[in-house]
Amino acid sequence: MRVIAGVARRTALVAPVGLSTRPTSDRAKENLFNILGEKVKGARVLDVFCGSGAIGIEALSRGASEAVFVDHAAPAIRATETNLTKTRLASLAYIIQGDAQKSLEQLAAAPKFNLIFLDPPYNYDLQILAKCFPLLANDGIIVAEAASDYAAPFAELVTSERIYGRTKFIFYKERDNALNLSRQL
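The structure contained in this document is the topic of the report that follows. (Residues numbered from 1 in each chain as written. Predicted model: local features only at pLDDT ≥ 70, side-chain atom pairs only at ≥ 80, totals over all residues. Heavy atoms only, no water.)

### Here's the deal with unusual backbone geometry
The phi torsion of most residues other than glycine is negative, and most of the peptide bonds are trans. Residues other than glycine seldom take positive phi values, yet Arg10 does so here, at roughly 75 degrees. By secondary structure assignment, the location of Arg10 is in the segment before helix H1 (26-36). Unusually for a residue other than glycine, Phe49 sits at a positive phi of about 60 degrees. Position of Phe49 among the secondary structure elements: in the loop between strand E1 (44-48) and helix H2 (54-61). Given a relative accessible area of 12%, Phe49 falls into the buried group. (Helix = DSSP H or I, 4+ residues; strand = E, 2+ residues; numbered from the N terminus. Buried < 20%, exposed > 50% of the residue type's maximum accessible area, 1.4 Å probe, protein only.)

### As for the packing of aromatic side chains
Tallied over the full model, the rule gives four aromatic pairs. For the ring pair Phe33 and Phe117, a centre distance of 5.8 Å and an interplane angle of 45 degrees mean the geometry is tilted. Remark: Phe117 occurs in strand E4 (residues 113-118) and Phe33 occurs in helix H1; sequence separation between them is 84 residues. For the pair Phe33 and Phe117, one class covers both residues: buried. An aromatic cluster of three or more residues is present, and its members are Phe133, Phe154 and Tyr172. Arg44 extends its terminal NZ or CZ atom over the ring of Phe113, reaching a point 4.2 Å from the ring centre. (Phe/Tyr/Trp six-rings, centres within 6.5 Å; stacked < 30°, edge-to-face > 60°. Lys NZ or Arg CZ within 6 Å of the ring centre and 35° of its normal.)

### Focus on empty space enclosed by the protein
Tallying each qualifying case throughout the model produces one cavity of 30 Å³ or more. Quantified by volume, the largest cavity comes out at close to 40 Å³. In terms of lining residues, the largest cavity is bounded by Leu32, Ile55, Phe117, Leu118, Asp119, Val143, Ala144, Glu145 and Phe169. Taken together, the elements giving at least two residues each to the lining of the largest cavity come down to E4 and strand E5 (136-147). Per-element tally for the lining of the largest cavity: the top contributor is E5, with three residues. A class-by-class count of the residues in the lining of the largest cavity yields seven nonpolar, no polar and two charged. (1 Å grid on protein atoms, 1.4 Å probe; cavity = no way out; pocket = protein on both sides within 12 Å on 5 of 7 lines; lining within 4 Å. Points joined across faces, edges and corners; volume = space filled by probe spheres on them. Nonpolar A, V, L, I, M, F, W, Y, C, P; charged D, E, K, R; others polar.)

Shown next, in the form of structure tokens:
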């Protein structure tokens, strides 16, 4: 696992110790960021269920202005801190250790995010997306990672799905429609 491109290119990243995490493969990560392209530059990024922090760190390396990392597990937080130090990107990052749902509620008062990455365990219910939509900037994108056979919730807001092996990236946007939907839940 490494940073693919940008200022921290080729930096090897560590994975959380003792967790059954499934880091996003370098191939899938590279394809994800090729799809996002210029949307990453200057973006404010939220990486929920960050694990090693690899996705948010890749965004920072490619020019995102700042990133907030959220995970409840101490080993994941330690790995993210180590990786931010190794890549010299720690000054652009803020880390929250806590429950994802509660952390998302706390971030409601923060400035909106241009990119939200959501990579929960594959058995986790992606209904948590309802908490993400209010945090999204008007032109923002949410990318949820799931098992390749997972049926995406909020299907009417899905703009694209891409499958790489056992991993599926589900792209969401249309903040205004999403806000109306999340208020109904």
